[in-house]
Amino acid sequence: MKLQYSLILCLLFSFAVFAQKKDGLSTKDQHAVEHFKTEYKKKNYKKFEGKITPKDNQVLFDDKVIFFDKSDKMTFSMLQQGLIYPQLLTDYQMQKFLDETTDKTQKRFLKLQKDPKASFDVNNISVKISELLFLNLNEKVKRFRLTTRNRNLPNPIIYFFELTNSKAAKNMSFDEFVKDAKLTYLDQE
């Protein structure tokens, strides 16, 4: 009888722990799951084609700078490979504006400017990338949250993105994965 009682308690405890893990996602993480479920559209983005110069806690992309925490090897690896870069985020912000703005006067005004991208220029930002392990479907696809901070803006801008490496294997190191990875999704939260 004691053995049955212990077994039942063990099973109940195991079930409770499993249920907690499944439902234990934070609100931010639940939002990420929902975002990928409803907004996801696969697209291929180019790696940065200019000069990448890593230096101390920053990476220079031609004349644009991204700052990061020196101890964050994952972020550094992606920046160094040119998967995430300021010009990509500038182009993304400009395209987002063009796609979402219904005011035709604003769109015309933007097209009349000498350098329309200047209004959306992303430079001198700090970034932090965190992997969304609960959203990784298999060893060939990894999903992330990119948090960008700009001194001129009060709040961070958060993006979700996905890297795909068709050559990836189960026990591949992150640096190896990133080397042949492609950016296949980018969207602002």
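Predicted model only: the values in this text are computed from it and were never measured.

Asker: Give me the lowdown on the pattern of salt bridges, citing residues and values where you can.
Answerer: Tallying each qualifying case throughout the model produces seven salt bridges. In this structure, the salt-bridge partner of Arg145 is Asp29, at a minimum N-O distance of 3.4 Å. Remark: Asp29 occurs in helix α2 (residues 27-39) and Arg145 occurs in strand β5 (residues 141-150); sequence separation between them is 116 residues. The exposure classification of Arg145 matches that of Asp29, with both residues buried. Residue Glu162 is joined to Arg143 by a salt bridge in which the shortest nitrogen-to-oxygen separation is 2.9 Å. With Glu162 in strand β6 (residues 157-164) and Arg143 in strand β5, the pair connects residues that are 19 residues apart, well separated along the chain. Note on accessibility: Glu162 and Arg143 belong to one class, buried.

Asker: Run through the packing of aromatic side chains, naming residues and quoting values.
Answerer: According to the stated counting rule, one finds 11 aromatic pairs in the structure shown. Ring centres 5.2 Å apart and planes at 50° place the aromatic pair Phe36 and Tyr185 in the tilted group. Of the two residues, Phe36 sits in helix α2 while Tyr185 sits in strand β7 (residues 182-188), which places them 149 residues apart along the sequence. Note on accessibility: Phe36 and Tyr185 belong to one class, buried. Ring pairing ties together the aromatic residues Phe36, Tyr40, Phe160 and Tyr185, which thus form one cluster. Here the guanidinium or amino end of Lys142 rests over the ring plane of Phe177, the centre of that ring lying 5.1 Å away. The ring of Tyr40 has Arg143 lying over it, and the distance from NZ or CZ to the ring centre is 4.8 Å.

Asker: So what's going on with the sheet that holds β5? Residues and values would help.
Answerer: On the basis of which strands lie adjacent, the open sheet formed by seven strands has the order β1-β2-β3-β4-β5-β6-β7 and mixed pairing. The open sheet has two edge strands, β1 (52-55) and β7, and neither has a second partner. Neighbour-to-neighbour, the strand axes of the sheet open up by a mean angle of 30°, direction not taken into account. Both β1 and strand β2 (residues 58-61) contribute to a ladder of four bridges, which runs antiparallel. Paired with Pro54 across the bridge in β2 is Val59. Against the sheet, helix α3 (residues 73-80) makes contact with β1, β2, β3 (64-67), β4 (125-131), β5 and β6, and its axis sits at roughly 110° relative to β4, the strand it touches most.

Here is what the cut-offs are and how they apply
Residues numbered from 1 in each chain as written. Predicted model: local features only at pLDDT ≥ 70, side-chain atom pairs only at ≥ 80, totals over all residues. Heavy atoms only, no water. Salt bridge = Lys/Arg side-chain N within 4 Å of Asp/Glu carboxyl O. Helix = DSSP H or I, 4+ residues; strand = E, 2+ residues; numbered from the N terminus. Buried < 20%, exposed > 50% of the residue type's maximum accessible area, 1.4 Å probe, protein only. Phe/Tyr/Trp six-rings, centres within 6.5 Å; stacked < 30°, edge-to-face > 60°. Lys NZ or Arg CZ within 6 Å of the ring centre and 35° of its normal. Pairing = 2+ DSSP bridges. Axes fitted to C-alpha atoms, helices over the stretch in contact; angles between N-to-C directions. Contact = heavy atoms within 4.5 Å.

Function-wise, these values are silent; they only describe arrangement.
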